[in-house]
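Examining the three-dimensional arrangement
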Amino acid sequence: MCDMKRFSLFLILAAGAIRCAGSVTPADSLLMVGDSLMATHDVYHALCVYQEAFGSRDDAAVRMRLAKCHYLRASYRQCTSLLEPLPSDSLSHDAMRQMFYSYKAMKDTPMQMHWGRELLKRWQTDAAVVADLALAYNLNDDPERALAVTGAYEAMDSTNILVKRQTADAQFFMKEYPLATRTYERLLALGDSTFSVHYSLGMCYEQLERMEESCAHYGVAVQLTDSAKAWPLFHLGAALVKAQRAGEGIPVLLKALMLMQPEDGVMYTLYNTLAEGYYAEEQWMSAVYDWQNALKYNPQSLTCQYNIAQTYEYLQNAAKAEDAYREFLRLAYNKKSPNKELQDMITHAENYANLKEKMAEERRRIDELTRKVGQKADRMKIYKVVVDAKNH
């Protein structure tokens, strides 16, 4: 990895100067050069030097230096593989932190928890690790252990915001709402006036049926998110309704509903792609079902309508195929300049069950009715009347 040829002259000169200054081994000289490079934040070249030292001496001091370089470069697997063989009591505080956060970055929660516990056996006052270990327990649906970790720390220091957040969340997950409420309120008193705290307080007060307080905190949470998230709006609207303030709650709920609605284009693409997948797997009716869902988001889709018609034709369901081709033609005839592909589709649909002549006759009857009415009638409503009358 390291281009030692380009770096070798510097190493020789630097290490030689160090050895001249006293009786040190070549590996010690390299470690001192690497340490100097780390002091100037030159992690890459320090890594090269430590790697060279590791080639001649494999011990905890070299491994921890090398592991730190890998950690700072986000090479978490290399970091842990260097430190794992060492006895945990031989690791420095920094090295144990690197194990803890490397496993967190690699999403290996059991190993992250293991190294968090090992670290706290020796450094109980590392509040950041206490908080992150408790967070791991909370996220792993184990709030009791989270409380055990934070409780041990808070016996010494009850004002650390990072730790107290995890205490409050654990109490909330355990449905200890009065306790959680007091802890979240304490966080506010400590200056932690964040979205998460106000949102959690809103939920706590809602569970305690103290709706005015719930509305107040949900309102702050919505303000802190620029009203861009649906769920805080939903909770605020629901709380307002429960607080007998439905006139205020309904517009909030409508806004939440609008934010929850997916974009039509995204949903059309999703359903259309699903239908194509089912079609490829010869799951014909599932394909038809999802093309019909796609049409809800793009009713003018000629492709979906044609695919539905072709599927029914393949299944020899003549009535449904004719209806689908008829709907396709109704849409296609509105295209002023159809390309060759669309024209071929139109020709195929017109030839199915003699639809070209049938629809021409229907259009003639629509025109006749329009003239008889003597006004600008809605052609599509008349078309429906004609078709319905024909079917009956």
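Structural data are supplied above this passage.
Residues numbered from 1 in each chain as written. Predicted model: local features only at pLDDT ≥ 70, side-chain atom pairs only at ≥ 80, totals over all residues. Heavy atoms only, no water.

1. Observations concerning the overall build of the protein
The secondary structure content of the protein amounts to 22 helices and zero strands. Taking all 392 residues of the protein together, 42% fall into the buried category. Considering only contacts in the protein between residues 6 or more positions apart, those separated by 24 or more positions represent 46%. As presented, the protein carries roughly 22000 Å² of accessible surface, and 54% of it is formed by carbon and sulfur atoms. (Helix = DSSP H or I, 4+ residues; strand = E, 2+ residues; numbered from the N terminus. Buried < 20%, exposed > 50% of the residue type's maximum accessible area, 1.4 Å probe, protein only. Contact = heavy atoms within 4.5 Å. Areas by Shrake-Rupley, 256 points an atom, 1.4 Å probe, with all protein chains shown as cover.)

2. Some details on helix H18 (residues 302-314)
In this model, H18 (13 residues) spans 18 Å end to end at C-alpha, consistent with the 18 Å of a helix rising 1.5 Å per residue. Along H18, the positions that sit buried rather than exposed are Leu302, Cys304, Gln305, Tyr306, Asn307, Ile308, Ala309, Thr311 and Tyr312. Those residues of H18 that are buried lie in contact with helix H16 (264-280), helix H17 (284-297), helix H19 (318-332) and helix H20 (340-351). The positive-phi residue at the C-terminal boundary of H18 is glutamine 316, with phi of around 60 degrees. (Expected span 1.5 Å × (residues − 1).)

3. Concerning the packing of aromatic side chains
Inspection of the entire model under this criterion finds 14 aromatic pairs. Ring centres of tyrosine 271 and tyrosine 297 lie 6.1 Å apart, and the angle between their planes is 15 degrees; this geometry places the pair in the stacked category. Here tyrosine 271, found in helix H16, pairs with tyrosine 297, found in helix H17; they are 26 residues apart in sequence, far enough to count as distant. Relative accessible area serves as the criterion here: at 28%, tyrosine 297 is assigned to the partly exposed category. (Phe/Tyr/Trp six-rings, centres within 6.5 Å; stacked < 30°, edge-to-face > 60°.)

4. Overview of the nonpolar core
Core analysis: the largest hydrophobic core is formed by 44 residues, its most contacted members being Tyr50, Cys69, Leu83, Leu91, Trp115, Leu120 and Leu133. For this core, the element with the most residues is helix H8 (residues 127-139), which contributes eight residues. What leucine 133 contacts, discounting residues up to four positions off in sequence, is Phe100, Met113, Gly116, Arg117, Leu120 and Val149. Counting 27 residues, the second largest nonpolar core, distinct from the first, contains Ala275, Ala287, Ile308 and Ala332. (Core = buried A, V, L, I, M, F, W, Y, C linked by side-chain atoms within 4.5 Å.)

5. Some points on the pattern of salt bridges
Scanning all chains against the criterion turns up 17 salt bridges. The closest approach of N and O atoms between glutamate 118 and lysine 121, which form a salt bridge, is 2.9 Å. Pair noted here: glutamate 118 and lysine 121 are both in helix H7 (residues 109-122), with a separation of three residues, about one helical turn. Overlapping salt bridges bring together Asp28, Arg57 and Asp59 as one network. (Salt bridge = Lys/Arg side-chain N within 4 Å of Asp/Glu carboxyl O.)

6. Quick word on the environment of valine 222
Mapped onto the secondary structure, valine 222 falls in helix H13 (residues 211-224). With a relative accessible area of 6%, valine 222 lands in the buried category. Along the chain, valine 222 and leucine 233 lie eleven residues apart, while their C-alpha atoms are 6.4 Å from each other.

7. Quick look at helix H14 (residues 230-242)
Quick reminder: α-helices carry 3.6 residues per turn. Residues three or four places apart thus point the same way. The end-to-end C-alpha distance of H14 is 18 Å, a good match for the 18 Å that 13 residues give at a rise of 1.5 Å each. Every buried residue belonging to H14 is among Ala230, Pro232, Leu233, His235, Leu236, Gly237, Ala238, Ala239 and Leu240, and all of these are buried. Looking at the packing, one finds that the buried side of H14 touches helix H12 (195-207), H13 and helix H15 (246-260). Once H14 ends, the next one or two residues include glutamine 244, with phi positive near 65 degrees.

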